[in-house]
Amino acid sequence: MQVLLLQFVDPTETRGLPVFSHELGVLGSRLKEHGFACRLLALRGHRSDELRRAVIEHRPRYVLAEVEPHSVAAAHRTLVELSETYSLPVGVLGVYATCRPTDALSVPGVRALVLGEYDSTALALLESVRDGADPAGIDGLWVRNEEGVVRGRLPDLRDDLDSLPAPDRELFGYERIVSATGEAHFKTSRGCRLWCAFCPNDWYMDLYEGRGTFVRRRSVGNVLHEVRRVLDRYPQARRAVFLDHHFATDADWLKAFADAWPDRCGVPFRCWVPLSGVTEAMATELSRAGCDEVHVHLGAGSRFIREEVLSIRLDDDAIVGACGVLRRAGLRVVAKVLLGCPYESEVSIEETVELAQRAEADEVRAEVFYPTPGTRTAELCGEKGWISGRGEENYWEGRSVLDMPSMPAEHIRAVASEFPRLVKGPPGNVRGVLRKVSRTRRRGLRDLLGGR
Ligand code: SF4
């Protein structure tokens, strides 16, 4: 049976590359093992022409769409078109389906929704379609039929991750990704123990409460076996990237990994580390293994915004100290900050600049805050009435969708684009950037009025 898998990717990404998703890749492998013929279409927004081509070429009997919270509008238009123009049945899965199941299932044309981790449920759904059986009642599946919505019982968490197949990388045209980036991507764990208010993780935590251990890890042997095979298959991969946020947080696992990685795989790698878990031993093991770069999240400089709004419970000294530990171990530190968070102001931006300066990261990347649907920060912004009607394309373009009295969106945009320079410059430069934006705006208004 032919299956079309959809993912929605950054519409500003000009190379048109799919985004490697470990979960989608594992699903692709499982579907292949069970005789399904899958094709992945990576859409940069709603693209009728590409959709039409894929439907004509692949002739799917079912479409499964992985929808991320930053592509909801694009997905909505695409799924409606699949149903109305091609009469194709559609199932949705992924973060949006899990955090906003009622909204996702109410999109016209969507017949089924997979809640939470989807590798077994999506397979069972497609098997039932292939066999002409009624999918209603499958564990983890919500089905819309004439009687309404039938909600299957949520299955327990899968604890033996080694029993899953390696992701099907051909699905993503992986050769193109590796050739363009020189990197190969991996994931070693599922789940996260932290509670960041801008991340949908707490939905999964609540959903699976009492249904097994939330943070699970593949064995070191299982991970290395996959990495070795990928490096052999794609010799253009000169470095590895570990995508999971808990890659380095289990000391015993990390030690076993550091013992084996240099001989078995040997390429340099980068990974993400939560600053709250950084220890001297972690930094040493990462460095010993061959890690040359770590990505960390500073959050925001204002303690109120960082701790109370974003729920990153770390004080300035702990953040600066953790970055120092990583740097002294010889790791390049890439730090991300969020700008335009709820309650952001000129003063809090200055505090973020100051914190980034103190952290002495090798590189600082500023991201504009987006109220991801389903998160606690989005709820807060909704309650305050700060969410404008500006659409999700603003997220991809690095523009704020908030209208806050404390800081206009155009100021957030200006500070974000100047941020790396601000971190290198003397304190007080934030005011200079904002004055310049205000002057430009006033001039624009004068020209507009004068031109009438
Ligand atoms: S550490 Fe990462 S995955 Fe975990 S809650 Fe925070 S943002 Fe989400």
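Residues numbered from 1 in each chain as written. Predicted model: local features only at pLDDT ≥ 70, side-chain atom pairs only at ≥ 80, totals over all residues. Heavy atoms only, no water.

## Quick notes on the sheet that holds strand β8 (residues 183-186)
Spatial strand order, β8-β11-β12-β13-β14-β15: six strands in an open sheet with parallel pairing. Where the open sheet ends on each side, the last strands, each with one partner, are β8 and β15 (363-368). Averaged over neighbouring strand pairs, the angle between their axes works out to 20 degrees when direction is ignored. Bridge count for β8 against strand β11 (residues 239-242) is four bridges, and the pairing is parallel. For A184, the partnering residue across the bridge sits in β11 and is A240. (Pairing = 2+ DSSP bridges. Helix = DSSP H or I, 4+ residues; strand = E, 2+ residues; numbered from the N terminus. Axes fitted to C-alpha atoms, helices over the stretch in contact; angles between N-to-C directions.)

## Considerations on the sheet that holds strand β3 (residues 62-66)
Across the sheet, which stays open at both edges, the seven strands sit in the order β2-β1-β3-β4-β5-β6-β7 with mixed pairing between neighbours. Either end of the sheet is taken by a strand with one partner, and the two such strands are β2 (37-43) and β7 (148-151). Taken over all neighbouring pairs, the strand axes of this sheet differ in orientation by 20 degrees on average, direction set aside. Sheet topology note: the strand β6 (residues 141-145)/β7 ladder contains four bridges and is antiparallel. Paired with V143 across the two strands is V150, which belongs to β7. The strands touched by helix α3 (residues 72-86) within the sheet are β1 (2-8), β2, β3, β4 (90-93) and β5 (110-114), with β1 carrying the most contacts at an inclination of about 155 degrees. (Contact = heavy atoms within 4.5 Å.)

## Details of the side chain of H185
Here H185 is to be found in strand β8. Relative accessible area serves as the criterion here: at 12%, H185 is assigned to the buried category. Every residue in contact with H185, bar those within four places of it in the chain, is listed here: F20, R169, Y174, I177, V241 and L243. (Buried < 20%, exposed > 50% of the residue type's maximum accessible area, 1.4 Å probe, protein only.)

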